[in-house]
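Letter by letter, the chains look like this.
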Amino acid sequence: MSIAKLARVTLSHLDWLESEAIHIMREVAGQCGNPVLLFSGGKDSICMLRVAEKAFRPGRFPFPLLHIDTGHNYREVTDFRDRRAAELGERLIVRSVEDSMARGTVVLKSADEPRNKHQSVTLLEAIEEFGFDACIGGARRDEEKARAKERIFSFRDEFGQWDPKNQRPELWDLYNARSFKGENIRVFPISNWTEIDVWQYIEREKLALPSIYFAHRRPIVRRGGGLLPVTEVTPARPGEAVETLQVRFRTVGDITCTAPVESDAEDVASIIAETAVTTITERGATRLDDQTSEASMEQRKKEGYF
Amino acid sequence: MSAIEKLPAEDIPDNGLLRFLTCGSVDDGKSTLIGRLLYDSKTILADTLHAIQRSSARRGLDIVDLSLLTDGLQAEREQGITIDVAYRYFTTGTRKYIIADAPGHEQYTRNMVTAASTADLAIILIDARKGVLTQTRRHSYVAHLLGIPHIVVAVNKMDLVDYAQETFDRIRSDYLAFANGLGIADVRFIPLSALHGDMIVERGERLPWYDGPTLFEMLEGAPAIHSEHDEKFRFPVQYVCRPQDSANPELHDYRGFMGRVESGEVHVGDRVTVLPSGLESRVRDIQVLGESLPRAVAEQSVSILLEDEIDISRGDMIVRSGELPQVGKNIDAMLCWLSESPLDPRRKYLLRHTTRDSKAMLAAIAFRVDINSMQQQPAERLLMNDIARVSFRLAQPIFADPYNESRGTGAFIIIDESTNNTVAAGMIL
Ligand SMILES: Nc1nc2c(ncn2[C@@H]2O[C@H](COP(=O)(O)OP(=O)(O)OP(=O)(O)O)[C@@H](O)[C@H]2O)c(=O)[nH]1
Ligand SMILES: [Mg+2]
């Protein structure tokens, strides 16, 4: 049986992924009373906003945008976040880990402890404050081995916990977003996208990105086999040599745990070319907080992380 | 020109996207096979490989345990088994693959059903030393019930039977005897060793008697579509866009019916019928983000605008006039019961079909399928992992097609409203 004989109009893989994500967002809108979309200004959530435009325009988004700000974000990214929300005319809510620290609900072990994992607390507080029943997030299954196991509609109990050994069956495209008051559904419309899909989508849709995704010169120290940006919150340690290198970020999270890679890529096409031949995963190259233990992402998810 | 046709050529791999799963009995080597496929197709990046090398060493293994690539949960790594589906991705330049690694344990069959529901192709593994087991039959039956069009039976661990052709031939005839009884048509067989990599991406030198394609060649050659039927147009409405409050007066009367084409295709100007009202209209426009398309095809998410003002809401369905689905409150279906609490014939459940929910009550269990004998048995209630033919009575009508004609409008799930859990998968007959 030849393929030609069976051929019919099918979608390219990028069209298929986009269409799946639109369908998922519309299911959230149809099934949930008070959803929210997590928007950080990073590339995955930028793609999600594009998908939301395709899902809901010419109407307004049926959800506000929420950013959990650690207080340690690059200015380029938070400025971009604010600008993008304003351009879209959508409501942006920012809740800050520093406010949770002031309330005493987040307690750091030391002043320089990365705040990334503490976002869970602030997120759960925001969910409670606004009564959100669903949070749409930009996590991808190719990012990490625990994420690879998660449903697209992922149930969290009233403590925000994920129970990986007892996930709801998820059949066909018949999603179940039901929850009782206080519980929550996390929804991941771009679960099936890979890093290269994201870049190809950004290129195809001509999406604007924060400048630090592209090659730029920045002071760096080399530590533990990786590159660390030298900033106000991450100063060089005594004795470390500060170099100025041409770098870009593959992911933009909390400053204290997001590392850049050396690169000359000044546009999306060059990034795609680099990504196609890279030998290191996105998180492996850039997320200092995931490397601490074999199960750190799973652990954080059990505690209410995105 | 549609959004699809307008894409630059390099964005359209000629072979599109293929979703497949690995299934079969416990420890047959499903996770190892996927690890091997990713490893040999050079999809695993250096840091991931180092991480699993370290984990393997920590577990006292002298070779790299490739199953650690998909067994990502702590509990899975501790026990060396798969508990829930893992999704992995790779691309060959001409085709993108989404792989689902299903668990073999009977206890986790429901997770295998989750993986199977979205697959175009199933690789069913058999341990060459053990042959066809109950779980092999169960997974084959589920794959068949769920309408997976292509089935590849991979006889694995050939290294442990000296790569003997007799063993392979015997397992093949055992399997065919049972598959023919089920009506499974498109089955292909391949001998391999996931551990050593024979016949996966490389042919290796130890299986000279096998002259069929490698597993990789089978995947590259499989057509990535669900059915050959001339599909009927089905458009369940997910959401209605009415931006009346917009400052733009042109949008004052805008009504976009948003959804995804479940099957078939629709063109501007087509005459359509809206269910349940039965009212007819014509397609005035098909839009995505302000851009008009001349048509929409299966699996495409769009907004449809009609020529007439008709009251339509989520749960309604737009179809081509003259091609109506069955509209009714009684359904016959095959059901996989997935919950630890048994199906209770006295209770009301929620049935979700496309974008429509209805209360439902069991009307009858025609029979339960005994997986060992494939015999039909009478049953009073259904337990976890039971497969049965049932009928339900619904409070609201649904608009359905037989599952084997249209997955999208033939499938439903059952939700237990007391827990909100998804407790069953159903396929309309
Ligand atoms: N000798 C040999 N051993 C293999 C082969 N394939 C897998 N194994 C071993 O069989 C054991 C089980 O392999 P897994 O890949 O975890 O099996 P599985 O089918 O994924 O198991 P579940 O998901 O728990 O059902 C491991 O010890 C593998 O190393 C093979 O081709 N030859
Ligand atoms: Mg496994």
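Residues numbered from 1 in each chain as written. Chains lettered and ligands numbered in written order. Predicted model: local features only at pLDDT ≥ 70, side-chain atom pairs only at ≥ 80, totals over all residues. Heavy atoms only, no water.

Help me understand the coordination of the magnesium ion (ligand 2) in this model?
Expected angles at a metal are 109.5 degrees for tetrahedral coordination by four donors and either 90 or 180 degrees for octahedral coordination by six donors. Residues and elements named next belong to chain B. At 2.0 Å from the magnesium ion (ligand 2) lie its protein donor atoms, namely Ser31 (OG) and Thr82 (OG1). Residue Ser31 is located in helix H2 (residues 30-40), and its partner Thr82 is located in the loop between helix H4 (74-79) and strand S2 (86-91); the two are separated by 51 residues in the primary sequence. Like Thr82, Ser31 is buried. (Donors = N, O, S within 2.8 Å, 3.2 Å for Na, K, Ca; no water. Helix = DSSP H or I, 4+ residues; strand = E, 2+ residues; numbered from the N terminus. Buried < 20%, exposed > 50% of the residue type's maximum accessible area, 1.4 Å probe, protein only.)

What am I meant to see in the packing of aromatic side chains here?
Two descriptors summarise a pair of aromatic rings, namely the distance from one centre to the other and the angle between the planes of the rings. Across all of its chains, the model carries 19 aromatic pairs over all chains by this definition. Between Trp193 of chain A and Tyr201 of chain A, the ring centres sit 4.9 Å apart and the planes meet at 75 degrees, which makes this aromatic pair edge-to-face. The exposure class of Tyr201 of chain A is buried, given its relative accessible area of 0%. Seen from their ring centres, Tyr175 of chain B and Phe189 of chain B are 5.8 Å apart, and the 80 degrees between their planes marks the pair as edge-to-face. Note that Tyr175 of chain B is positioned in helix H7 (residues 165-182) and Phe189 of chain B in strand S6 (residues 187-191), a separation of 14 residues in sequence. The exposure class assigned to Phe189 of chain B is buried, which follows from its relative accessible area of 10%. Through pairs of rings, three or more aromatic residues link up here, namely Phe56, Phe61 and Phe63 of chain A together with Tyr239 of chain B. Cation over ring: Arg141 of chain A sits above Tyr87 of chain B, and NZ or CZ is 3.9 Å from the ring centre. (Phe/Tyr/Trp six-rings, centres within 6.5 Å; stacked < 30°, edge-to-face > 60°. Lys NZ or Arg CZ within 6 Å of the ring centre and 35° of its normal.)

Is there a simple way to think about the packing of helix H7 (residues 195-205) of chain A against helix H8 (residues 268-277) of chain A in this case?
Two packed helices can be described by the angle between their axes and the distance between those axes. Residues and elements named next belong to chain A. Packing of H7 against H8 leaves a shortest axis separation of 10 Å and a crossing angle of 165 degrees. One way to sum up the angle between H7 and H8 is to call them roughly antiparallel. Relative to H8, H7 is oriented so that their crossing is left-handed. For the pair H7 and H8, contact is made by Glu195, Ile196, Trp199, Gln200, Ile202 and Glu203 and by Val268, Ala269, Ile271, Ile272, Thr275 and Ala276, respectively. (Axes fitted to C-alpha atoms, helices over the stretch in contact; angles between N-to-C directions. Parallel < 35°, antiparallel > 145°, perpendicular 65-115°, else oblique. Left-handed = near helix turned anticlockwise from the far one by under 90°. Contact = heavy atoms within 4.5 Å.)

So far we have only geometry, and geometry alone does not tell us how the molecule works.
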